[in-house]
Amino acid sequence: MSTAAVEPALDTGRLDPDRDPVNDFSIVAATVNGSGSQTANNTLVRALFKMGIPVNAKNLFPSNIAGLPTWYSIRVSKDGYIARREGIEIAVAFNPQTAAADLAGLPPGGVCIFPDDAKFERNRDDVTYYPMPLKTLIANLGVDPKLRDRVANMVYVGALAELLGIEREAIREALSYNLSGKQKAVDLNFSVVVAAADYVKENLPKQDPYRVERMNKTDGLIMIDGNTAAGIGALVGGMTVMAWYPITPATSLADAVNEYATKLRQDPQTDGPTYAIVQAEDEIAAVGMLLGAGWMGARAMTSTSGPGISLMTEFVGFGYYAELPAVIWDVMRMGPSTGMPTRVSQGDVLKAYYLGHGDVRNICLLPGNVKECFEFGQTAFDLAERFQQPVFVLSDLDLGMNAWMSEPFEYPTAPLDRGKVLNAEQLKTVEGWGRYKDLDGDGIPYRTLPGNPHPASAFFTRGSGHNENAGYTERPDDWLKNMARLTRKHNTARGAVPKPVIDRRDGAKVGIIAFGTADPAVVEARDRLRDKVGLETSYLRLRALPLGDEAAQFIAEHDRVYVVELNTDGQLHQLLQLHTPEHATKLLSIAHSDGLPLTARYVTERIYGMEQK
């Protein structure tokens, strides 16, 4: 479909002469990976946040240690939109390898900030240039030659601060936060910011309309990345064992657990740890440790990504059939194979849901924001222990590794759900107990933990064929009975997992279903479709699998339902068709996967274009 046909009608987010440029534009900083740009970029974002301005950032970095180009996209939106935008107004061209392309990507009226000695052709007369004497500024400050490359990017922070009107005190506060209050480092970096800002003020008259003004829309909010939120949530949710193996983009989740465990999980009597964190030799060993710990009664978890999930397949199947609790955070990235480790995707939906050979269906949680990453820290453990099986949490690189605005997290008040665990006294009152018997009709058996002194508590944990009493068997009737119970248990889970978030608009005949980080693009696209072409839509954001009645009812209520997701094959679309075969033709797939976070422009154009057919 040609985007040109619908672009004027839908406001794609590119430069618009009627749009107020105050607190509504995007910046892309192009730098060299490993050059210290992370501190500079994080400082800009947090300073804008401290000024009360809604802001969101996307770090697009290569999968190497240093040397390749990296881009950092910052969106400022007075309306609070946080999806990635395709259009940008301001390019910071601090990487000579990409400077020409970065300049070419600007629309008419854009801004280019660059080192004054950069050797790239400035062949655009429809953009505003701001050359910065980077080397001279750094040298005049007397910065140690060993540190000059590390603080050089602060030059564009100072330039942007002066040009846009970012308050210097907000910059200093952000620097102090990002540098953990290390005063010497803060003073050094801030001196570069001030020198650059003063240079702009004295030598480069402002010739563009973009600026920021203090707002109050972030008052009371926090800013945090999803991996950190998940790590804290897991600790608050009772985690005592973590086994993991390093992998992008999940390593920082394990790092967060390791950092906050020392603060949150210490014995007040002995000051010793009440947890165990093990870096395993590989993902296979890691998930094996989880299942062993869960069998013992611990709340155990791991963090990994697609390739790690592949290695865990056999053990996950064992955990499903032997009915052992464990929590697996899958911070999804691009595949197949190694794919693009530092790019985002939602491509593990089918794999996680069906992981394990044979008839396996796993519980999967689908957080859509950092607050849910925190909340699902406990929810995942509650479900794993209640249903006695591995539970997946499908986050992704965008949610996990980028900073997001959020309401503050609330400490959970609900008690931990440890599931059907029988102690010695309870065993005395249960008649006919067997490890794999369904005594309540919900498919969930009772279990005992090692150390239970009751003589009837012991059983063999089997991944091979077993009967209700955990005895080995290959009898077809025993197998069928057990699989029927597991299906019954899975159907019970349909009503126990987090319910979807639904927004129904009066008169809407078109519905949208999405999950995870597709949400910000869908939210913004719905407003564009309503405001520009009068198309009202209802929206269901899934938060878990298996699917419940809510999804089927939502589909039945609408003439057409678009399923938006970040993968190539439309994996959620396929699951929804299996779940509601009577409505399969109503479901239309909008699946897109290029490694970048989804944009409202893409969703808007696809739905509008398909509605015209």
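The preceding data block contains the structure.
A brief report on the enclosed structure follows.

Rules and cut-offs
Residues numbered from 1 in each chain as written. Predicted model: local features only at pLDDT ≥ 70, side-chain atom pairs only at ≥ 80, totals over all residues. Heavy atoms only, no water. Helix = DSSP H or I, 4+ residues; strand = E, 2+ residues; numbered from the N terminus. Contact = heavy atoms within 4.5 Å. Areas by Shrake-Rupley, 256 points an atom, 1.4 Å probe, with all protein chains shown as cover. Lys, Arg positive; Asp, Glu negative; His and termini not counted. Charge placed at Lys NZ, Arg CZ, Asp CG, Glu CD. Axes fitted to C-alpha atoms, helices over the stretch in contact; angles between N-to-C directions. Parallel < 35°, antiparallel > 145°, perpendicular 65-115°, else oblique. Left-handed = near helix turned anticlockwise from the far one by under 90°. Core = buried A, V, L, I, M, F, W, Y, C linked by side-chain atoms within 4.5 Å. Buried < 20%, exposed > 50% of the residue type's maximum accessible area, 1.4 Å probe, protein only. Salt bridge = Lys/Arg side-chain N within 4 Å of Asp/Glu carboxyl O. 1 Å grid on protein atoms, 1.4 Å probe; cavity = no way out; pocket = protein on both sides within 12 Å on 5 of 7 lines; lining within 4 Å. Points joined across faces, edges and corners; volume = space filled by probe spheres on them. Nonpolar A, V, L, I, M, F, W, Y, C, P; charged D, E, K, R; others polar. Phe/Tyr/Trp six-rings, centres within 6.5 Å; stacked < 30°, edge-to-face > 60°.

**Topic: the overall build of the protein**
If you tally the helices and strands in the protein, you get 22 helices and 20 strands. For the protein, the spread of C-alpha atoms along the three principal axes comes to 85 × 65 × 40 Å. Considering only contacts within the protein whose residues lie at least 6 apart along the sequence, 76% involve residues at least 24 apart. Working note: accessible area of the protein is about 25,000 Å², and carbon and sulfur atoms make up 51% of it. Where the 62 positive side-chain charges of the protein centre and where its 75 negative ones centre are 1 Å apart.

**Quick notes on the packing of helix α2 (residues 37–50) against helix α6 (residues 154–164)**
Contact geometry of α2 with α6 gives a least axis separation of 9 Å together with a crossing angle of 20°. Taken together, the axis directions place α2 and α6 in an arrangement best described as roughly parallel. When you trace α2 past α6, the crossing you get is right-handed. Contact with α2, carried on its side by Ser37, Thr39, Ala40, Asn41, Thr43 and Leu44, involves Met154, Tyr156, Val157 and Leu160 of α6 and no other residues of that element.

**Considerations on the nonpolar core**
Among soluble globular proteins, nonpolar side chains are generally buried collectively. Counting 55 residues, the largest nonpolar core has Ile74, Ile113 and Ile166 as the members making the most contacts within it. When residues of this core are assigned to their parent elements, the largest contribution, nine residues, is made by α6. The residues touching isoleucine 113, leaving out its near neighbours within four places in the chain, are Ile90, Ala91, Val92, Ala93, Phe94, Tyr130, Met132, Ala159, Leu160 and Leu163. Within the second largest apolar cluster, 43 residues are counted, among which are Ala285, Leu290, Ala470 and Ile555.

**Things to note about the pattern of salt bridges**
Counting across every chain of the model gives 41 salt bridges. Across the pair arginine 447 and glutamate 385 runs a salt bridge whose closest N-O atoms are separated by 3.4 Å. On the criterion of sequence distance, the pair formed by arginine 447 in the loop between α17 (424–429) and α18 (476–494) and glutamate 385 in helix α15 (residues 370–387) is long-range, its members being 62 residues apart. For the pair shown, arginine 447 and glutamate 385 are each scored as buried. The salt bridge partner of aspartate 531 is arginine 530, with a shortest N-O separation of 3.0 Å. According to the relative accessible area criterion, arginine 530 is partly exposed, its value standing at 32%.

**Some details on unusual backbone geometry**
Following glycine 335, the chain continues to proline 336 via a peptide bond in cis, the omega torsion being 5°. By the secondary structure assignment, proline 336 is in the loop between β11 (326–332) and α14 (349–354). Phi at aspartate 271 is positive, roughly 65°, even though this residue is not glycine. Classification of aspartate 271 as exposed rests on a relative accessible area of 59%. Even without a glycine there, the phi angle at glutamine 388 is positive, about 55°. The topology assignment puts glutamine 388 in the loop between α15 and β13 (390–396). The class of glutamine 388 is buried, set by a relative accessible area of 0%.

**So, empty space enclosed by the protein**
Space left empty within the atom packing is revealed by a probe, the size of a water molecule, rolled over the atoms. A complete count under the given rule lists six cavities of 30 Å³ or more for this structure. Of the pockets and cavities examined, the largest cavity occupies roughly 90 Å³. Considering the residues around the largest cavity, the lining is formed by 13 residues, among which Val497, Pro498, Pro500, Gly548 and Glu550 are closest to the centre. Classifying every residue of the lining of the largest cavity gives eight nonpolar, one polar and four charged.

**Examining the packing of aromatic side chains**
If you walk through the whole model with that rule in mind, you get nine aromatic pairs. Consider the rings of tyrosine 321 and tryptophan 479, whose centres lie 5.3 Å apart with planes at 40°: the pair is tilted. On the criterion of sequence distance, the pair formed by tyrosine 321 in helix α13 (residues 313–322) and tryptophan 479 in helix α18 is long-range, its members being 158 residues apart. Classification of tryptophan 479 by relative accessible area gives partly exposed; the value is 42%. The structure contains a cluster of three or more aromatic residues connected by ring pairs, namely Phe114, Phe120 and Tyr129.

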